[in-house]
Amino acid sequence: MCGIIGYIGKRQAYPILIKGLQRLEYRGYDSAGIALLDNDLLNVYKAKGKVSDLVRFAEQQDVNGTIGIAHTRWATHGEPNQINAHPHCSQSEELAIIHNGIIENYAVLKESLIKHGYTFQSQTDTEVLVQLIDYVKKSNNVDLTKAVQLALNQVVGAYAIAVIEKGNPDVIVAARKGSPLVVGIGDGEFFLASDATPIVEYTNKVVYIGDEEIVTLKRGEDIKIKTIADVVKTPEIQRLELTLSQLEKGGYPHFMLKEIFEQPKTLSDSMRGRLNLEEKEIKLSGFIDNKEKFLNAKRIIITACGTSWHAGLIGKYAIEEFCRIPVEVEYSSEFRYRKPVIHGDDLVIAISQSGETADTLAAVELAKSHGAFIFGICNVVGSSIPRNTNSGCYTHAGPEIGVASTKAFTAQVTVLTMLALLIGKEKGTLSVERYKEIVSELGNIPQKMRSLLDQNDMIAQFAKTFTYAQNFIYLGRGYNYPVALEGALKLKEISYIHAEGYPAAEMKHGPIALISQEMPVVVIAPSAGMYEKVVSNIQEIKARKGRIISIVTEGDTVVTNLSDYYISIPDTEECLVPLLAAIPLQLMAYHIAVVKGCNVDQPRNLAKSVTVE
Ligand code: M6R
């Protein structure tokens, strides 16, 4: 995790770096720090807590300088406090570094540096790295770029780093392996950051730094890139497709609420150019280019984490129903280590909003090493996973800033549904008539979502009733079982209320023991798919005095009569219900968290992209 940013140019670095940290704060927010070079001075300021805590402290200090680096942290090594916050300096106080990632062999390196007389202030792996660069620089009498290169050759692990040097105010050296890094090229100035969000207001020319590449940003010179193996690379300048308004709250109190409300639009964006409603056809270039791989796949493995894993589970239901191809849905963190059986003719779908999740990236590498074909479904354009897959499809949900994933989830489900429909039609396992019916209905979903969002005030009202709860149970069957899992995850991550999702029929095998009049049970009970079965499950809960909150299809009378509260969703195809049912669950979690006074956009202990194991 962690967000890193750097600036070198003609302007004062401090305001640019602080604004950038605020944009990157979703990546980690337990401490923050900044290092500025002002002629011969190297000023480093750090604070435990948020970027606002750093600002309160730093604005009392000397914040001059046209070159600097800054960091917002999500702790891995050492508790979140001021000492462990970045930047870290070498013992000589000549070098300052910021780092996102983990240096796995830091203990061995530290031991050897201690033998060379180095002492350490913090518990971090990052301080080891800056001391190593200092040692290498001095013992080989080389410049900063060379020292970084030689030091990184000794490092095992993942990193995006930026280093500055006292007395050398014209250079920032940065490098990456496994953690993202992008450089913005302005007029006589450079920006570097973990993602493009802090850069977009200054320039739309960016260079995505590749794995094991070192970049030197020097005043008055062009960007220079070489690999840690010393191969010179030609920078590939790309145009940034991102607007400033996408990064602002636009009048909403939280990014999460804004992103929930954006879903009708993000779904349309996901389908734009892909779903042809006149001809009732789907076109996915990632599919067309590799059609045979999809049609001949004996098995599909979906790998992902968290919310993306839930989307993958919905994808499994759709692919198995329409394409009759067996699908396994794997947590990337398990898949990468449990010696899975992967065949060369397997098709692996990696799903990730950020495109940077370390476990999913490693799962991709593993599957690739076994010769499988990898298809990525990612949101962040140019991120690591799409760069490491054979083919893929962006979700085009736009930047998702709230830590709790909402619009990215529905966009992932949309892409998976389009893919399943297309494979099914091409394979002949789905009739053309059914295909066209579902394609046509998919086109109606954004409008149906819009009408659903009108119930926001009502959901906000009844959410207040449930802030007392310590536990929640979410139930669904078929396509709605993953929606139950996702609803429970949303609630627990932002409101800190314990919540569990179950397949509704699984209740009687244990969890039913938890039911009492205190227990809110959210049941997704649309008319499409196993309705009567779910009604029986609701009766079982009602008989034990559980409090029922149901998601029903408009016009329902049976489940509504059994429910303490209900939210109606428009009728739709069974496979498309998750796209609608997810929304009231997102809104309910949001409002409960708000009433409880929780930090909705930046829940405790979490960060938006998990770039460490
Ligand atoms: O960026 P990714 O989709 O790979 O992230 C996966 C999970 O870390 C993410 O979905 C996480 O569970 C969210 N906090 C859920 O809201």
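Now for a look at the structure at hand.

The next subject is unusual backbone geometry. For the peptide bond that leads from His-86 to Pro-87, omega is 0 degrees, which places it in the cis range. If you check the backbone angles, Asp-230 has positive phi at about 75 degrees while not being a glycine. Looking at the secondary structure, you find Asp-230 in the loop between strand 13 (224–227) and strand 14 (232–233).

Turning to the site of the ligand, a few remarks are in order. In the vicinity of the ligand, 15 residues are found, and the nearest of them are Ser-308, Ser-352, Ser-354, Thr-357 and Glu-493. A distance of 3.0 Å separates an oxygen atom of the ligand from a polar atom in the backbone of Thr-307. The contact in question runs from an oxygen atom of the ligand to an N or O atom on the side chain of Lys-490, over 3.0 Å. Protein burial of the ligand: of its 410 Å² of free accessible surface, 90% is covered by the chains. When each cavity is represented as a set of grid points, the ligand is found to reside in the second largest pocket. Looking at the shell around the ligand, its residues break down into five nonpolar, eight polar and two charged. Formed jointly, the shell around the ligand draws a minimum of three residues from each of two domains, domain 2 (250–452) and domain 3 (454–599).

Bringing empty space enclosed by the protein into the picture now. The full count for this structure, using the stated rule, is one cavity of 30 Å³ or more. When its volume is computed, the largest cavity comes out at roughly 60 Å³. Around the largest cavity, the lining residues are Cys-2, Arg-73, Trp-74, Thr-76, His-77, His-86, His-99, Gly-101, Thr-124, Asp-125 and Thr-126. At the level of elements, strand 6 (95–103) and helix 4 (125–140) are the ones that each hand at least two residues to the lining of the largest cavity. Looking at the lining of the largest cavity, its residues break down into two nonpolar, seven polar and two charged.

This part is about the packing of helix 18 (residues 480–495) against helix 21 (residues 577–595). Packing of helix 18 against helix 21 leaves a shortest axis separation of 9 Å and a crossing angle of 20 degrees. The angle between the axes of helix 18 and helix 21 places the two elements in the roughly parallel class. For helix 18 against helix 21, the interelement crossing comes out right-handed. Across the interface between the two elements, Asn-480, Val-483, Gly-487, Lys-490, Leu-491, Ile-494 and Ser-495 of helix 18 pack against Val-577, Pro-578, Ala-581, Ala-582, Leu-585, Ala-589, Tyr-590, Ile-592 and Ala-593 of helix 21. Grouping the amino acids of the contact of helix 18 with helix 21 by side-chain chemistry returns 12 nonpolar, three polar and one charged.

In this section: the pairing of strand 3 (residues 41–48). Pairing of strand 2 (residues 31–38) with strand 3, which is carried by eight bridges, proceeds in the antiparallel orientation. Bridge pairing in strand 3 places Ile-34 opposite Tyr-45. Following strand 2, the chain reverses through two residues before pairing antiparallel with strand 3; Asn-39 in that reversal takes a positive phi of roughly 50 degrees.

With that settled, consider the sheet that holds strand 24 (residues 498–503). An order of 24-23-25-26-27 is seen for the five strands of this open sheet, with the pairing classed as parallel. Pairing within the sheet leaves two strands with one partner each, and these edge strands are strand 24 and strand 27 (565–569). Neighbour to neighbour, the strand axes of the sheet diverge by 15 degrees on average, direction disregarded. Looking at chain direction, strand 25 (residues 520–525) and strand 26 (residues 547–553) are connected through six bridges and run parallel. For Ile-524, the partnering residue across the bridge sits in strand 26 and is Ile-551. Docked against the sheet, helix 18 engages strand 23 (471–476), strand 24 and strand 25, running at close to 175 degrees with respect to strand 24. Across the sheet, helix 21 lies against strand 23, strand 25, strand 26 and strand 27, angled at about 140 degrees from strand 27, the strand it touches most.

Turning our eyes to something else, we now look at helix 15 (residues 432–442). Three or four residues apart is the spacing at which side chains of an α-helix point the same way, because the helix has 3.6 residues per turn. Of all the residues in helix 15, the buried ones are Tyr-435, Ile-438, Val-439, Glu-441 and Leu-442. Projected down its long axis, helix 15 carries its buried residues within an arc of 165 degrees, all on one side.

What follows concerns the environment of Ile-133. One can find Ile-133 in helix 4. With 36 residues separating them in the primary sequence, Ile-133 and Ile-97 have C-alpha atoms 9.7 Å apart. Those residues in contact with Ile-133 that lie beyond four places of it in its chain are Leu-95, Ile-97, Leu-144, Ala-147, Val-148, Ala-151 and Val-163.

Cut-offs applied
- Residues numbered from 1 in each chain as written.
- Predicted model: local features only at pLDDT ≥ 70, side-chain atom pairs only at ≥ 80, totals over all residues.
- Heavy atoms only, no water.
- Helix = DSSP H or I, 4+ residues; strand = E, 2+ residues; numbered from the N terminus.
- Near = heavy atom within 4 Å.
- Polar contact = N/O pair within 3.5 Å; in protein donor to acceptor, adjacent residues only side chain to side chain.
- Areas by Shrake-Rupley, 256 points an atom, 1.4 Å probe, with all protein chains shown as cover.
- 1 Å grid on protein atoms, 1.4 Å probe; cavity = no way out; pocket = protein on both sides within 12 Å on 5 of 7 lines; lining within 4 Å.
- Sits in = over half its atoms within 2 Å of the grid points.
- Nonpolar A, V, L, I, M, F, W, Y, C, P; charged D, E, K, R; others polar.
- Domains from an automatic or database assignment.
- Points joined across faces, edges and corners; volume = space filled by probe spheres on them.
- Axes fitted to C-alpha atoms, helices over the stretch in contact; angles between N-to-C directions.
- Parallel < 35°, antiparallel > 145°, perpendicular 65-115°, else oblique.
- Left-handed = near helix turned anticlockwise from the far one by under 90°.
- Contact = heavy atoms within 4.5 Å.
- Pairing = 2+ DSSP bridges.
- Buried < 20%, exposed > 50% of the residue type's maximum accessible area, 1.4 Å probe, protein only.
- Arc of directions from axis to C-beta.

Treat this as a map of the structure, not an account of what it does.
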